[in-house]
Amino acid sequence: MTPRVAVLASGGGSNLQAILDYFDAQGTERRAEVVLVASERVTARALERARARGIAAVALDAAQRGEAMASLLASYDVDVIALAGYLRFVPVDVTRGWRGRIVNVHPSLLPSFGGAGMYGSRVHQAVIAAGVRVTGVTVHFVDEEYDRGPIIAQWPVPVLPDDAPEALAERVLAVEHMLYPAALDAVASGRVALGADGRVTGWSPEFSFICSPQPA
Ligand code: GRF
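How each quantity is defined
Residues numbered from 1 in each chain as written. Predicted model: local features only at pLDDT ≥ 70, side-chain atom pairs only at ≥ 80, totals over all residues. Heavy atoms only, no water. Helix = DSSP H or I, 4+ residues; strand = E, 2+ residues; numbered from the N terminus. Rg over C-alpha atoms; globule rule 2.2 N^0.38 Å. Buried < 20%, exposed > 50% of the residue type's maximum accessible area, 1.4 Å probe, protein only. Contact = heavy atoms within 4.5 Å. Core = buried A, V, L, I, M, F, W, Y, C linked by side-chain atoms within 4.5 Å. Phe/Tyr/Trp six-rings, centres within 6.5 Å; stacked < 30°, edge-to-face > 60°. Near = heavy atom within 4 Å. Polar contact = N/O pair within 3.5 Å; in protein donor to acceptor, adjacent residues only side chain to side chain. Areas by Shrake-Rupley, 256 points an atom, 1.4 Å probe, with all protein chains shown as cover. Nonpolar A, V, L, I, M, F, W, Y, C, P; charged D, E, K, R; others polar. Salt bridge = Lys/Arg side-chain N within 4 Å of Asp/Glu carboxyl O. Expected span 1.5 Å × (residues − 1). Bend = angle between axes of the 7 residues up to and from the residue. Pairing = 2+ DSSP bridges. Axes fitted to C-alpha atoms, helices over the stretch in contact; angles between N-to-C directions.

What follows is about the overall build of the chain. Secondary structure assignment for the chain yields 6 helices and 9 strands. For 216 residues, the compact-globule estimate of 2.2 N^0.38 gives 17 Å, and the chain sits close to it at 16 Å. The principal-axis extent of the C-alpha atoms belonging to the chain is close to 50 × 40 × 35 Å. Within the chain, the proportion of its 216 residues that are buried is 48%.

Locating serine 204 in the fold gives a position in the segment after strand E9 (200-201). Given the relative accessible area of 1%, serine 204 is considered buried. When residues no more than four places from it in sequence are discounted, the contact partners of serine 204 are Ala186, Arg191 and Val192.

Quick look at the nonpolar core now. If you look at soluble globular proteins, the nonpolar side chains tend to sit buried side by side. In this structure, Val37, Ile152 and Phe207 are the most contacted members of the largest nonpolar core, which totals 44 residues. Sort the elements by how many residues they give to this core and helix H6 (residues 165-188) lands first, with 11 residues. One finds Val58, Leu60, Ala70 and Leu73 within the second-largest nonpolar core, a separate group that totals 20 residues.

Next up on the list: the packing of aromatic side chains. Going through the model one piece at a time under the given rule, you end up with 3 aromatic pairs. On the basis of an interplanar angle of 70° and a centroid distance of 5.3 Å, the ring pair of phenylalanine 89 and tyrosine 146 is categorised as edge-to-face. Here tyrosine 146 lies in the loop between strand E6 (134-141) and strand E7 (151-158) and phenylalanine 89 lies in the loop between strand E4 (80-83) and helix H4 (92-97), a separation of 57 residues in the sequence. The exposure class assigned to phenylalanine 89 is partly exposed, which follows from its relative accessible area of 39%.

Once that is clear, we can look at the site of the ligand. Around the ligand, the structure places Gly12, Gly13, Ser14, Asn15, Gly85, Val105, His106, Pro107, Leu173 and Glu176. At 2.5 Å, a side-chain N or O of serine 14 approaches an oxygen atom of the ligand. A distance of 3.3 Å is found between a nitrogen atom of the ligand and a backbone nitrogen or oxygen belonging to valine 105. Surface burial for the ligand is 80%, taken as the share of its 370 Å² of free accessible area covered by protein chains. Elements that contribute at least two residues to the shell around the ligand include exactly helix H1 (14-25), strand E5 (102-106) and H6. In terms of residue class, the shell around the ligand is made up of 3 nonpolar, 6 polar and 1 charged.

Turning our attention to the pattern of salt bridges. Considering all chains together, one arrives at 7 salt bridges under this definition. We note a salt bridge from aspartate 24 to arginine 53, for which the minimum N-O separation is 2.3 Å. With aspartate 24 in helix H1 and arginine 53 in the loop between helix H2 (45-52) and strand E3 (56-59), this residue pair connects regions lying 29 residues apart in the sequence. Where salt bridges share partners, they join Asp21, Asp24 and Arg53 into one cluster.

Another point: the environment of glycine 202. With respect to the element layout, glycine 202 can be found in the segment after E9. In the structure, glycine 202 is positioned 165 residues away from valine 37 in sequence and 27 Å away in space, judged by C-alpha atoms. Those residues in contact with glycine 202 that lie beyond four places of it in its chain are Arg191 and Val192.

This brings us to H6. Compared with the 34 Å implied by 1.5 Å per residue over 24 residues, the 32 Å span of H6 between its first and last C-alpha is a close match. Along its length, H6 shows its largest kink, about 25°, at glutamate 176.

The next point concerns the sheet that holds E5. Strand order in the open sheet made by the 7 strands is E3-E2-E1-E4-E5-E6-E7, with mixed pairing throughout. This sheet does not close on itself; its edge strands, each paired only once, are E3 and E7. Pairwise comparison of adjacent strand axes, ignoring direction, gives a mean angle of 20° for this sheet. Where strand E1 (residues 4-8) meets E4, 4 bridges bridge the pair, whose relative direction is parallel.

It is worth spelling out the pairing of E3 at this point. Successive residues of a regular strand alternate their side chains across the two faces of the sheet. Bridge count for strand E2 (residues 33-39) against E3 is 4 bridges, and the pairing is parallel. Looking at E3, one finds that alanine 38 is bridged to valine 58.

Listed below in structure tokens is the structure:
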């Protein structure tokens, strides 16, 4: 059976869109399908994107944490969960219930520039302030700590002299759109897995076939 994916998103949902487009492009051979999009923000654009595609879109209310969130995911027979710009802490009932089947994309090369409070533009501001010359994208398994789960795939993006956070964010996001769906595919189809020892096994050649967009 085709693995069933839930996407949790708080914002614009461009990564959700990239995931939908990626699996659409696989046509009848698609290796996973998004069956649920959930957000704690009723106005999240991600929910609109889901509705436009006829995918169940759920605005999570305050009570839908912990066990209730796990029950919601279970009611859609969700195999894999993808966080795509999801700003809330994922409850332990969910991280434990879907251990090795819940992934996140982060707009830096973890473990640098991650952790609580490091999201959105703050990440890119911190990267520029630190003066590093390379940042990038990390896809990782999600555990009980923000941005610390085992790393599945990473891709570098150069930091240019005089880069502004917005310009850097745009270049990083373009790489997220390439790397995240491929990594999600690898996890959903079992080509990459989280071992009992907490280490990631397997790899996908697609992880090195993406190209960083060149600066203008
Ligand atoms: C992305 O940069 C992602 O890495 C981060 O939040 C942003 C979400 O963007 N976790 P979008 O909602 O997918 O457009």
